[in-house]
Amino acid sequence: MVVKVMVPTPLRQFTGKQASIECTAATVGEALGHLTSTFGELRKHLFTDDGRLRSFVNVYLNDEDIRFLQKENTQTKDGDTISIVPSIAGGSCRERN
Amino acid sequence: MAIPTVALSQQDVKLSREEIQRYSRHLIMPEVGMEGQLKLKRSRVLMIGAGGLGAPLGLYLAAAGVGHLGVLDFDVVDNSNLQRQVTFTTADVGKLKSEAAKARLSALNPSIEIQSYETRLTSENALELFKDYDIIVDGTDNFPTRFLVNDACVLLGKPNVYGSIFRFEGQATVFGYPGGPCYRCLYPEPPPPGLVPSCAEGGVLGVLPGIVGSIQAMETIKLILGAGDPLVGRLLLFDALAMRFRELKLRKNPECPVCGNHPTVTKLIDYEEFCGIRGEETLPMTDGIPEITPKEMKARQDRGDDLFILDVREVHEYQICNLNGKLIPLGELPRRVSELDSSKEMIVHCRSGKRSADAIFFLQKAGFKKLWNLKGGILAWSDEVDPTVPKY
Ligand SMILES: [Zn+2]
């Protein structure tokens with residue numbers, strides 16, 4: 001299945017600035033695996049050391065949260081969009097760093 | 001979804017002649033009308049943060065005639081705020097944001113009541129502050145406060161109109177609505193510090209908070225009026241570069257630690273600790289990271305020491321100002337590490353010293369030994385060595 005993975009702004013620095021990546025994958029997990037093997041630095045931002053999706057990163061298949069589907073085993077079909085939705089906190093952007 | 005309207009006080013209020021003129025464009029709309037305008041007048045809205053999101057929010061809520069507006073912010077107006085925080089003028093620089101916002105909003109609409117709170121929202125004061133308001137609007141800039149606002153709203157059963165921004169991207173939704181999901185249904189835990197780029201690294205386009213804050217204002221007003229479909233159970237994502245809105249479904253998580261079937265959070269906790277940043281401001285990650293002050297670095301350069309300067313900021317930051325170092329942005333360091341010579345003594349710097357500490361941590365693991373972190377970054381260099389280097 002050819003699916004599109006949408007990369008949110010904070011993570012684009014790890015995908016060579018690309019906002020979306022197309023790949024062939026039968027499940028959401030496969031698509032994420034494809035993404036992190038292409039862009040190695042992305043891995044630690046999405047997965048814990050033991051390979052679980054981090055709890056502050058949500059993954060959606062089209063408009064559904066995969067936690068309420070079959071998680072990473074959720075099957076994809078052609079033309080599906082997978083979105084990575086990390087928590088962002090900015091509001092007034094107090095300069096800090 | 002059936003819309004249980006926000007419980008407003010039943011206090012008997014009327015509009016003056018002047019108010020009828022002022023709100024005439026609302027009054028002639030059937031969706032608002034006299035009844036809606038009186039609901040607005042009776043409503044009490046607390047804004048957490050008077051910054052980027054708070055600017056359009058405060059202006060539109062005041063203009064619309066929200067009768068009681070609370071503005072909570074402990075910060076002062078800085079020059080670098082004016083690019084997006086349009087409530088403030090250049091003359092406000094140095095003033096308390098809560099006070100400056102109150103003055104601006106009172107000037108816009110003298111017939112409403114505005115209460116400013118020059119305070120940091122804490123687990124100790126949140127419930128007490130929130131209890132007098134119908135709706136809380138979250139326009140803060142950090143994870144501990146976001147979780148605190150969420151938990152306090154869930155505990156008190158008050159809607160939390162949420163918005164957040166990053167560079168060109170925004171999110172908005174309404175949490176804490178009866179029967180709807182909360183922030184923790186979406187994100188049970190905060191990201192560990194350092195894994196998500198902060199705003200200072202990220203920046204934000206000035207118009208973006210204007211758009212997202214306006215969406216929050218619209219949702220707040222709809223909740224008060226009980227009009228339309230509230231942004232409940234839907235996360236609105238806005239990408240300004242693509243100029244595209246998308247919508248994702250948000251579900252109430254039965255296992256949510258605050259609003260789930262078996263809540264484990266039944267009172268407010270220590271949110272700084274929860275977010276893993278307790279003491280971060282006083283104790284930056286300097287363990288095992290050797291530091292050099294700007295003055296020491298200058299003295300060594302003047303002495304003619306062979307020091308290699310590595311700048312780990314972004315290209316566009318380098319263009320603002322630089323110390324003639326080699327530029328490798330932090331995100332590119334892992335794949336460009338071969339460009340560096342580990343036999344040379346190296347000073348690593350960024351804007352304030354945090355990213356460079358991360359870079360040194362990485363380089364140490366890669367086997368580099370002769371490393372120094374420029375303490376306070378290019379900001380400190382400007383303060384202590386060369387004031388012609390602009391601060392940003
Ligand atoms: Zn919840």
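Since the model is a prediction, treat every value here as computed from it, not as a measurement.

Participant: Hey, could you go over the coordination of the zinc ion for me, with residue numbers and the actual values?
Facilitator: All names here are of chain B. Around the zinc ion, the protein supplies C182 (SG), C185 (SG), C256 (SG) and C259 (SG) as donor atoms, at distances of 2.3 Å. We note that the donor set of the zinc ion lies within a single chain, spaced as C-x2-C-x70-C-x2-C. Highlighted residues: C182 in the loop between β6 (169-175) and α8 (183-186) and C256 in the loop between β8 (244-249) and α11 (271-274), separated in sequence by 74 residues. Like C256, C182 is buried.

Participant: Give a detailed account of the interface of chain A and chain B, specifying residues and quantitative values.
Facilitator: Across the boundary between the two partners, chain A contributes 34 residues, which contact 60 residues of chain B. Between chain A and chain B, roughly 4100 Å² of surface is buried when both sides are summed, and carbon and sulfur atoms account for 51% of that area. At the surface where chain A touches chain B, the tally comes to six salt bridges. Between A:E64 and B:R251 there is a salt bridge whose closest N-O contact spans 2.4 Å. On the surface where chain A and chain B come into contact, there are 14 residue pairs in polar contact (both at pLDDT 80 or more). In terms of residues, the side of chain A that touches chain B owes the most to one element, strand β5 (residues 81-86) of chain A, which gives four residues. Looking at the side of chain A that touches chain B, its residues break down into eleven nonpolar, 13 polar and ten charged.

Participant: Can you lay out the domain arrangement of chain B for me, pointing to particular residues and giving the numbers?
Facilitator: Structurally, chain B comprises domain 1 (17-274) and domain 2 (283-384). Here the C-alpha centre of domain 2 of chain B lies 38 Å away from the C-alpha centre of domain 1 of chain B.

Parameters at a glance
Residues numbered from 1 in each chain as written. Chains lettered and ligands numbered in written order. Predicted model: local features only at pLDDT ≥ 70, side-chain atom pairs only at ≥ 80, totals over all residues. Heavy atoms only, no water. Donors = N, O, S within 2.8 Å, 3.2 Å for Na, K, Ca; no water. Helix = DSSP H or I, 4+ residues; strand = E, 2+ residues; numbered from the N terminus. Buried < 20%, exposed > 50% of the residue type's maximum accessible area, 1.4 Å probe, protein only. Contact = heavy atoms within 4.5 Å. Buried area = accessible area lost by both parts, 1.4 Å probe. Salt bridge = Lys/Arg side-chain N within 4 Å of Asp/Glu carboxyl O. Polar contact = N/O pair within 3.5 Å; in protein donor to acceptor, adjacent residues only side chain to side chain. Nonpolar A, V, L, I, M, F, W, Y, C, P; charged D, E, K, R; others polar. Domains from an automatic or database assignment.

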